[in-house]
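# Observations on chain architecture
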Amino acid sequence: MTATRDVLIDRVRQRLAAGGTDITAALVADAIRAEAGGVLGDVDLLDALRLLHQEFLGASILEPLLRDPDTTDVLVNGPGEVWVDGAAGLRRTDLAFPDEEAVRRLAGRLAVVAGRRLDDAQPHVDAWLPGSGADGRIRLHAILPPLAPDGTCLSLRVLRPARHDLAELGRLGTFPPQAAELLAEIVRARLAFLVTGGTGTGKTTLLAALLGQVPDTERIVCVEDAGELQPRHPQVVRLVARPPNIEGVGEVTVRDLVRQALRMRPDRLVVGEVRGAEVCELLAALNTGHDGGAGTLHANSPAEVPARLEALAALGGLSRPALHSQAAAALRVILHVCREPGGTRKLAEIGVVLRTANGIQVIPAWTPTGRQPGWTHLTDLLPNATFSRRAGHTPHNTCTTTPTPSVHPAAPTPTQTPAQTSGPSQPPASTPAPAPTPAPTPVPIAPSAPKPPPVAAPPAVSPTPNPSTTTAPNPPRSVPSQPSPSPTGTASTTVRASTTVGASTAVRAPTAISAPATSPPATTSSPPGGASSPPVGAPC
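Residues numbered from 1 in each chain as written. Predicted model: local features only at pLDDT ≥ 70, side-chain atom pairs only at ≥ 80, totals over all residues. Heavy atoms only, no water.

### Regarding the nonpolar core
Of all hydrophobic cores here, the largest spans 37 residues; its most connected members are Leu 206, Leu 335 and Ile 350. Here the element with the most residues in this core is helix H7 (residues 177-188); it accounts for seven residues. Dropping the residues within four chain positions of it, Leu 206 is found in contact with Leu 166, Leu 169, Phe 175, Leu 183, Val 195, Val 337 and Leu 347. (Core = buried A, V, L, I, M, F, W, Y, C linked by side-chain atoms within 4.5 Å. Buried < 20%, exposed > 50% of the residue type's maximum accessible area, 1.4 Å probe, protein only. Helix = DSSP H or I, 4+ residues; strand = E, 2+ residues; numbered from the N terminus. Contact = heavy atoms within 4.5 Å.)

### Concerning the environment of Asp 94
Within the secondary structure, Asp 94 sits in the loop between strand E3 (89-92) and helix H5 (100-113). Judged by its relative accessible area of 81%, Asp 94 is exposed. For the pair formed by Asp 94 and Glu 81, sequence separation is 13 residues and the distance between their alpha carbons is 8.3 Å.

### Some points on the sheet that holds strand E2 (residues 82-86)
With antiparallel pairing, the six strands of this open sheet are ordered in space as E3-E2-E1-E6-E5-E4. Looking at strand neighbours, the two that pair on one side only are E3 and strand E4 (124-130), the edges of this open sheet. The sheet shows a mean angle of 15° between the axes of neighbouring strands, direction not considered. Of the pairings in the sheet, the one linking strand E1 (residues 73-77) to strand E6 (residues 153-158) comprises five bridges and is antiparallel in character. Paired with Val 76 across the bridge in E6 is Leu 154. Strand contacts of H5: E1, E4, strand E5 (137-143) and E6, with the helix running at about 45° to E6, the strand carrying the most contacts. (Pairing = 2+ DSSP bridges. Axes fitted to C-alpha atoms, helices over the stretch in contact; angles between N-to-C directions.)

### Overview of the sheet that holds strand E12 (residues 333-339)
Taking strand neighbours across the sheet as the criterion, the nine strands line up as E9-E8-E10-E11-E7-E12-E13-E14-E15 in an open arrangement whose pairing is mixed. In the strand order of this sheet, the two ends are held by strand E9 (236-240) and strand E15 (370-371), each with one partner. Bridge count for strand E10 (residues 268-271) against strand E11 (residues 294-298) is two bridges, and the pairing is parallel. Across the sheet, the residue bridging to Val 270 is Ala 294, located in E11.

### Observations concerning the packing of helix H9 (residues 254-261) against helix H10 (residues 278-286)
Geometrically, a packed helix pair is captured by the angle between its two axes and the distance between the axes. Remark: H9 packs on H10, axes separated minimally by 8 Å, with the N-to-C direction vectors making an angle of 20°. Taken together, H9 and H10 sit at an angle that is classed as roughly parallel. The hand of the H9/H10 crossing is left-handed. Here Val 254, Arg 255, Val 258 and Arg 259 of H9 come into contact with H10, specifically with Glu 278, Cys 280, Glu 281 and Leu 282. Residue classes in the contact of H9 with H10 are distributed as four nonpolar, no polar and four charged. (Parallel < 35°, antiparallel > 145°, perpendicular 65-115°, else oblique. Left-handed = near helix turned anticlockwise from the far one by under 90°. Nonpolar A, V, L, I, M, F, W, Y, C, P; charged D, E, K, R; others polar.)

From the geometry alone we can't say anything about function, so treat these as descriptive.
Structure (structure tokens):
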């Protein structure tokens, strides 16, 4: 009965191909009834109808795999190998095509559905299938022999809208709870960031979840090569690039759409995947007031992002110094995701973009193991002081300066002892020198007379300690003698004499000697020891 069914399917296929009309489910059913002629039973008739429906309207034997909600990729490596990637990771299935012609026929039909051409003259195709799969979007890639010597290869990637928010990604184990708060703060602070990683690591899923944290009052414009981003936000404008048609005309690139997006008043400009010269327009936009932008980038690690950007910028004619200057002013944070061997997708690192003498550099700020050397730089970019203090760091406010203490020395203030404060005329005593020195010879002061004779020196100080003098452990402090005005119009000059008391030097209280204002300058005589004293009225 199986052979009869296969013969019937071949006749129905030829009948539908010769009809030259659009194939529908009703047309397939009519062709089966016409070709069967009552030979098949109900079960075989239903099986034939299902197989023909899959071949002409679906993805043949791959249709059940595409309808599985956990499937992300279906890969065909020739007629005998069918692989599927999903929640359990990449695995081989038991499905197989009858022959190479069946695989090639399926690839050609899917290319026609996508509006593209696949034959010996055009042996490869990359397109999107409209209206296919559980979520309505499947990305098709096919390549024919002899470019694929082992047989026609098919790659079908199922586009599933990212319906996860940050909280749900945290429950799935993508990142710990404290990282969820950090990611939300990065979005609220309007820091421009890139989500990096390999193929299938969840870059688009994480980016869509982060865009869901954008306030509802902000307008998001997403530019993509393929419409994958579907964030949960009330105001999202999606622009999708268009490939050239069969004649090679009509192409609209991502770079063209980025230029158009800048004229659509975006509060947040997002490029779904930066893969070419559009990096020049994106960096230029982020440097002209469009902060808070984002995008995804294929990179093996955050440290390799600068080299990756250099390669893409070269496609747009941007030099290396210009690229590093633009990126240093535009980008702030790098979020790197990876996929573990078991299939779990993880946030592997949060890096900070810093400007160095050789260009930009990405240093790690956070990993699942804890804080990294760039943590301080990251928290400096976040204005939420509550979060930063809880994280153990106070953010630096560039608008606040710490007052610098005055560098002018204050005038020395002599220290007074209780004995010196007993009378109003008691001057402050100065501190002695640490080592004993011989007492200097008293200085004779000339009296105020037309021809004043030398003034007798004060009597020598007795070895007995004077109650008006004190001995302090600190070194002596030099206090200059300053003339003070006298109520009677005379200039008052203080002369200081020191004497040795025990093992320390004590300084007597200065003695005020008044002279008329009209008297000539006083003269001084040198002491016997050869030491000289400054004239009266001159600073010591």
